[in-house]
Every structure is written in C-alpha cells, then in structure tokens.
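Structural characterization, general
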Amino acid sequence: MELWRRNLYILMGSQFLVMGAMTMIIPFLPLYLQEMGVTDPEKNQMWAGLIFGINFLSAFVMAPVWGSLADKKGRKIMVLRSGFGMSVVMILTGLATSPLQLLLLRLLNGTISGFVPASISLVATNTPRERVGYALGMLQSGGVAGSIMGPFIGGALAELIGFRMIFYLTGTLLGIATLVVLFFVKEEKLPEEKSQSAGFFADGSFILHQRTLLILFAAGFLLQFAMLGPQPQMPLYVERLGAPGGYIAFFAGLVTAVTGMANMMASPFLGRLGDRIGSERVMVYAMIAAALFFIPHAFVTSVWQLLVLRFLLGLCMGGLLPSLHALVRHHAPAGKESTVYGYNSSAIFLGNMMGPIVGGFLTVWIDIRGLFLVTAGLLLFGAWWVKTGLNRPTTPKREQSVPQKRVSSAH
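Once a new chain begins, its residue numbering starts again from 1 and follows that chain's sequence as written. This being a predicted model, a pLDDT of at least 70 is required before a residue's local features are given, and a value of 80 or more before pairs of side-chain atoms are given or counted; all residues contribute to the totals for chains, interfaces and linings. Think of the side-chain values as coming from all heavy atoms in the structure, minus any hydrogens and water.

1. Details of the domain arrangement of the protein
The line we're drawing: Either an automatic procedure or a domain database provided the assignment from which the domain bounds are taken. Here's the idea: put two parts together, see how much 1.4 Å probe accessible area each one loses, and the total over both is what we call buried area. Between Lys or Arg on one side and Asp or Glu on the other, a salt bridge is scored when a side-chain nitrogen of the former is within 4 Å of a carboxyl oxygen of the latter. A 3.5 Å cut-off defines polar contacts: any pair of N or O atoms within that distance qualifies, except that in protein one atom must be a possible hydrogen donor and the other a possible acceptor, and neighbouring residues in sequence count only when both atoms are side-chain atoms. Only DSSP runs of H or I with at least four residues qualify as helices, and only runs of E with at least two residues qualify as strands; both kinds are numbered from the N terminus onward.
Assigned domains within the protein: domain 1 (1-186) and domain 2 (201-390). Taking both partners together, domain 1 and domain 2 bury about 2700 Å²; carbon and sulfur atoms supply 64% of that area. In terms of surface lost to domain 2, no three residues of domain 1 exceed Phe-60, Asp-71 and Gln-140, which account for 19% of the buried area on that side. Put simply, Arg-75 and Glu-337 hold a salt bridge, and the shortest N to O gap is 3.2 Å. Linking domain 1 with domain 2 are 13 residue pairs in polar contact (both at pLDDT 80 or more), by the criterion used here. Broken down by secondary-structure element, the contributors of at least two residues to the side of domain 1 that touches domain 2 are helix H3 (41-73), helix H6 (115-125) and helix H7 (132-161).

Laid out in structure tokens, this is it:
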C-alpha cells in the first residue's frame, strides 16, 4: 500500500476516535453533574454549558500555537502530543469529583488538543497534490462519523458501564490509537531545519496579512456559524412539527444523524471531484446548494419532510470543509502549512461557539423558521464572497514567504 494511503487510513480511524471522544459526553453530561451533587436544574444547565463550551474556547486560542510548532518540529509529533495528552486528561476526567474539576479538565483538554488540525496538515502535506481533495474528504468522513457515533455510543455505554468508566475506556482507546500513529504513520515531508525563526507573532502577522487566506478563514467561520446556528433549536422544531408517535428525542437525534451520515457519504466523492475540477468550484456550488436546501426548511409541515431536507443538506455539507482545507493547503505559504491550518481551525472553532449562541438570540426575534432563511442568506453571501475574493489577482505568497521548505524526493 502506498505510504500516503496508509497514513490516511490510520489517521481517519484515529479521527473517528478523537471526535467520538469529544462528543460522547453530550448525552450524559447533565446526569454526570447530578451524580456530583448539582441537582438544581438552572445550575446544572449553567455548568453543562460552561463545561461543554470551554473545551472549544481553549482549542480556539491554542490552535495557531500548535500549528506553528508543527511547522517547526513536525506534524506527526503534534498528533502524538495531542493524542497522548487527551488520553491522560480523559482518564483524569473519570476521577473528577466536582463541577469545577470537570471544567478545568475540559479547559486543559482543549488547551492540549490539536489532533484534528495536525492530522489534516500531515495528510495535506504528505499526499500527492492531485489526490489532496480525496484524502481530505476521507479524513472528513472519519471525523464526521466519530461526531455522529460519539453521542450514540456515549448514551449506550452510560447505561451499561456507568459515566466514569466511559472516560477510562475512551482514554485507553485514545492512547491505543495514538500508539498506532506512533508506529505506523510516517511523515515523509518534514519541516526544514531553520537557522533563524521569524517567531510565532511574526509568522501570524504575515499569515493574517494574506488577503486570500483571510477570505478562507472567514469562510470557515461562516460555514460553521451558519450550519450550527439552528442546531440547538432543532428538538423544539421537531416537537412543533409533531414527532411521529411522540418520540421527540428519537427524531431530534435522527434529524442530526441523517445530516451527518449524508456528509460522511459525500465527502470522499466531492473531495475527489475537487481534485478534478477544482476545490473552489466544489465549495462555491456546495454552499449555493446548501443555501437552497435551507430555504424550504422554513416551510416544512412534517418531520419526514425535514428529514429529507436534512439528508440533502448533508450531501452538500460533504463538499464544504474538505474543499476549504484543500484551498488552504493550496494558498498556504511554503513551510507554514500547519500554522495556517491552526488559524483556520481557530476560525472554525469560533464559528462552532458563536453560531449556536447568536442563533439562540435570533430565534427569540424571528423564530427558527426565520433563522433558516437568515442561514440561507449567509451561505449565499459566503459563496459570492469566496467566488469573487479568490478570483482577484494577488501577489503570489510563495514568493513573499519565509524560507522555502525542503523538497522531498517522495511525491
């Protein structure tokens, strides 16, 4: 098997475990807090929101730092650092006895995270250019599958082995997955040894002055902001539409699951299509199609109609992040790919945080049906922005960039 394929398949499985570990806490977090003595419903909700969100806040802050280190020390070492670190933190989470301890551990988990952007960077820089779209699409499928199955597995295991044992089991699995990366993933294109380093802030200033990269970072933020904005309101929308048999929780979960399944199915195909016709075209058309499928969300009259639309929306979503990652790889200055991916991950994390918050406020004023229409408008604007912004002539960044990366003999 070609080395880049072996790397891809191993990291795809590892991403499944990492994303599953990060999301499996969702179904039982309020119950875990009750076990710790937080029985007041309002305090429980407050702690649950803080504990879940703090992980993404610290990851948002630290992503560029870890990306910069990956460009200096190597991408694989960053994957190992994050994987082993999260394994230890996950096991410690099972020993937590108070909400504050749980909050601090989730903060630490986000601080040492970086597995996903480091994996993306490693795959993008060690895969033949003509196969980057396909590889990133496959990697996306692994992550999405983990995000879908994580809550389901977490809920099932909570009934079978209890809350604390879930953290011990997850931490062990993360450690095993990281060991597999250690022994079987090989990074061929290593960072060039530099006698002088521009420094983290100088590199950041250089990257943030690249107009094309800023457009892509903003597009990543906008995608996640728009897609996750309506998500917390979906169970209430399912209840309003009238869940068949009164199974509101089941159908609310199914609405999310079908979107993720379609995303997982479409990502490799649309990534491969991007390799053939260009990732920019795939991203723009996928955003337009997603916007068009969001519009009828506002006018459905049954859960079944909503499920069909969410599946079609998921097919479009399969072309968004893989195309974005491929474009970031294409426009990143030589030798700064991981740093650029770090900033891109920060933009995505920020969208993950802000989308549900702003969506919740907007729903009070315009209802969730209005929120769907606003989301469609944001995606159409984003498609126009990416299309026009990336087609403007710019000074090539690779001629401006700091020392070029050593060319590897491996393709």
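Picking up where we left off.
2. Concerning a nonpolar patch on the surface
Where we set the bar: Put simply, a patch holds well-exposed residues, over 30% relative accessible area, that have no salt bridge, with like charges counted together within 9 Å and Val, Leu, Ile, Met, Phe, Trp or Tyr side chains within 5 Å. Per-residue accessibility takes into account occlusion by the displayed protein chains alone, with areas from the Shrake-Rupley method and a 1.4 Å probe.
A surface patch of nonpolar side chains, amounting to about 1100 Å² of accessible area, comprises Phe-84, Leu-160, Ile-161, Met-165, Leu-169, Leu-173, Ile-176, Leu-179, Val-180, Leu-182, Phe-183 and Phe-184. Every element with two or more residues in the nonpolar patch is listed here: H7 and helix H8 (163-184). Ranked by the residues each element gives to the nonpolar patch, the list is headed by H8, at nine residues. Turning to its location among the elements, Ile-161 is positioned in helix H7.

3. A few points about the packing of helix H12 (residues 248-277) against helix H14 (residues 303-317)
Which entries qualify depends on this criterion: Helix axes are fitted only over the stretch in contact, all axes being lines through C-alpha atoms; the angle between N-to-C directions runs from 0 to 180 degrees. In what follows, roughly perpendicular refers to angles from 65 to 115 degrees, roughly parallel to angles under 35, roughly antiparallel to angles over 145, and oblique to any angle outside these ranges. If you view the pair so one helix is near and one far, a crossing is left-handed when the near helix is turned anticlockwise from the far one by less than a right angle, and right-handed when it is turned clockwise. Only heavy atoms enter the contact rule, under which two residues are in contact if any of them lie within 4.5 Å.
Relative orientation of the contacting elements H12 and H14 amounts to 30 degrees, with a least axis distance of 6 Å. On the basis of their axis angle, the class for H12 and H14 is roughly parallel. Once H12 is placed against H14, the crossing between them reads as right-handed. Residues Phe-251, Leu-254, Val-255, Val-258, Thr-259, Ala-262, Asn-263, Met-265, Ala-266 and Leu-270 of H12 pack against Val-303, Trp-304, Leu-306, Leu-307, Arg-310, Phe-311, Gly-314, Leu-315, Cys-316 and Met-317 of H14.

4. With respect to the pattern of salt bridges
Evaluated as defined, the whole model comprises seven salt bridges. When the shortest N-O distance is used, the salt bridge between Arg-240 and Asp-367 registers 2.8 Å. Here Arg-240, found in helix H11 (residues 234-241), pairs with Asp-367, found in helix H16 (residues 337-390); they are 127 residues apart in sequence, far enough to count as distant. A single salt-bridge network, built from bridges that share partners, covers Asp-71, Arg-75, Glu-187, Arg-329 and Glu-337.

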